[in-house]
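# Examination of the molecular architecture
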Amino acid sequence: MGGAEENRDGVALTNLDQSLFDGAQASKRDLVDYLDAVRDRILPQLRDRPLSVIRVLRGQPPFMQKNLPRYTPEWVRRTAVWAEASHREISYALCDDRRTLLWFANQRAVEYHPTLATVDDLHRPTHLVLDLDPPEGAAFRLAVAAALLVRQALTEAGLSGAVKTSGAKGVHIFVPVEAGAGAEDMAAATRAIAARAERLDPALATTAFIRQDRGGKVFVDSTRAGGATVVAAYSPRLRPGVPVSFPVDWAELEAVTPADFTIRTVPALVVAGDPWAERMPAPQRLPADLVAEGHTIPIARVQAMHEGKRRARARRAAG
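Position numbers for residues count from 1 along each chain, tracking the sequence in the order it is written. Confidence filtering applies because this is a predicted model: local features only for residues at pLDDT of at least 70, side-chain atom pairs given and counted only at 80 or more, and all residues used for totals across whole chains, interfaces and linings. Note: side-chain values were computed over all heavy atoms of the structure, leaving out hydrogens and water.

## A closer look at the UniProt feature "domain: DNA ligase D polymerase" (unreviewed entry) in the chain
In the numbering used here, UniProt assigns the "domain: DNA ligase D polymerase" (unreviewed entry) feature to residues 28-276. Within the segment residues 28-276, helix and strand shares are 27% and 20% respectively, and the terminal C-alpha atoms sit 26 Å apart. UniProt positions are given in the numbering used here, feature names are shortened, and annotations may be inferred rather than shown by experiment. Runs of E in the DSSP output that reach at least two residues are strands. Runs of H or I that reach at least four are helices, and both are numbered from the N terminus.

## Some thoughts on unusual backbone geometry
Look at Gln25: it is not a glycine, yet its phi comes out positive at around 55 degrees. Inspection of the secondary structure assignment puts Gln25 in the loop between strand 2 (11-13) and helix 1 (28-37). Even without a glycine there, the phi angle at Val242 is positive, about 50 degrees. Relative to the assigned elements, Val242 resides in the loop between strand 12 (218-221) and strand 13 (247-248).

## A short note on the packing of aromatic side chains
Stacked, tilted and edge-to-face are the three classes assigned to paired rings of Phe, Tyr and Trp, where Trp is represented by its six-membered ring and a pair needs centres within 6.5 Å; plane angles under 30 degrees give stacked, over 60 edge-to-face, the rest tilted. All chains considered together, the criterion is met by 6 aromatic pairs. Seen from their ring centres, Phe174 and Trp276 are 5.3 Å apart, and the 80 degrees between their planes marks the pair as edge-to-face. Taken together, the residues Phe174 in strand 10 (residues 171-176) and Trp276 in helix 7 (residues 275-279) connect sequence positions 102 residues apart. Taken individually, Phe174 and Trp276 each receive the classification buried, so the pair is uniform in this respect. Taken together, a centroid distance of 4.6 Å and an interplanar angle of 20 degrees make the contact between Phe246 and Phe261 stacked. Only protein chains enter the accessibility calculation, which uses a 1.4 Å probe. A residue is then buried if its area is under 20% of the maximum for its type, exposed if over 50%, and partly exposed in between.

## What to know about the pattern of salt bridges
Salt bridges are defined by distance alone: a side-chain nitrogen of Lys or Arg within 4 Å of a carboxyl oxygen of Asp or Glu. In this structure the tally under the stated criterion is 21 salt bridges. In this structure, Asp33 engages Arg8 in a salt bridge whose closest nitrogen and oxygen atoms are separated by 2.5 Å. With Asp33 in helix 1 and Arg8 in strand 1 (residues 6-8), the pair connects residues that are 25 residues apart, well separated along the chain. The exposure class of Arg8 is buried, given its relative accessible area of 14%. Asp121 is the salt-bridge partner of Arg124, the closest N and O atoms lying 3.4 Å from each other. A residue is classified by how much of its surface remains accessible, and Asp121, at 29% relative accessible area, is partly exposed.

## So, the packing of helix 1 against helix 3 (residues 98-106)
The convention used is that axes are lines fitted to C-alpha atoms, helices contributing only their stretch in contact, and that angles between N-to-C directions extend from 0 to 180 degrees. Taken N-terminus to C-terminus, the directions of helix 1 and helix 3 make an angle of 160 degrees; their axes are 9 Å apart at the nearest point. Relative to helix 3, the element helix 1 lies roughly antiparallel. The crossing of helix 1 and helix 3 is right-handed. From helix 1, Lys28, Leu31, Val32, Leu35 and Asp36 reach across to helix 3, where they touch Arg98, Leu101, Leu102, Ala105 and Asn106. Here the contact of helix 1 with helix 3 is composed, by residue class, of 6 nonpolar, 1 polar and 3 charged. Roughly parallel refers to an angle under 35 degrees, roughly antiparallel to one over 145, roughly perpendicular to one between 65 and 115, and oblique to any angle outside these ranges. Should the near helix be turned counterclockwise from the far one by less than a right angle, the crossing is left-handed, whereas a clockwise turn marks it as right-handed. In what follows, residue pairs with any heavy atoms lying within 4.5 Å of each other are defined as contacts. Here the nonpolar group is Ala, Val, Leu, Ile, Met, Phe, Trp, Tyr, Cys and Pro; Asp, Glu, Lys and Arg are the charged ones; every other residue, Gly included, is treated as polar.

Written out as structure tokens, the structure reads:
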């Protein structure tokens, strides 16, 4: 199958009848139609934020694209960001309008991962984010139970957040923060909330970054901070059936499953409004005690790197 071409908003759409990917049970047309149908919901999540996408081309494994390819149309807005890891400048897209979204859809970009900060100030994220990741093979309900621990920790700190399915197996909690909070303080507050959630039920939740140290518990991931990206609300995911990362009311969280929200079901759910915007609290000031506690907690990735080196030395010493 291939063929089927059309033009929308000046974008030539090609090979619309091709299968999107193995197990998708959807065509490229289904992806294009979905993103076009929800454009007024997903574009506010992408606008002004450097964008990474996960594309899947026929006959190739999926890949994450950060740097725009040379053939990108001139009308796609972009911004240059220095990447410390690769020591080069990356040209990121800013997906601000329908035309750009359709162009990405035609490029078979299935997943949309914007930065937590806007291009106006890439050093100041707008949201504190916690990612609840259940162990391999575990039920979604475990991630939900851990999310409720995070909600309790937030409430006890005087904060509130909005929750969405990740579209994969986990749950994301977003806490909007008042302008002025620096990236390091926001990262510290995120670590403190994760640690407090872990203390509420250490048999269920863990902040252990090294996978083999998690003991079958839900990982409360506090590393989505600073320059990190998180899959956007309403973004499809590269999984069988093409599920969507979808906002859920806290009261409904225990009654849903990720499979309830797909590129086929979501358009009807957002016709009357934008549930992510409607459920998002107003920006909040970070409590000083939370930030102070967080600064006493090691950064998970750095701690894991040092621990990995220590274990490697111990193995070598043991022969």
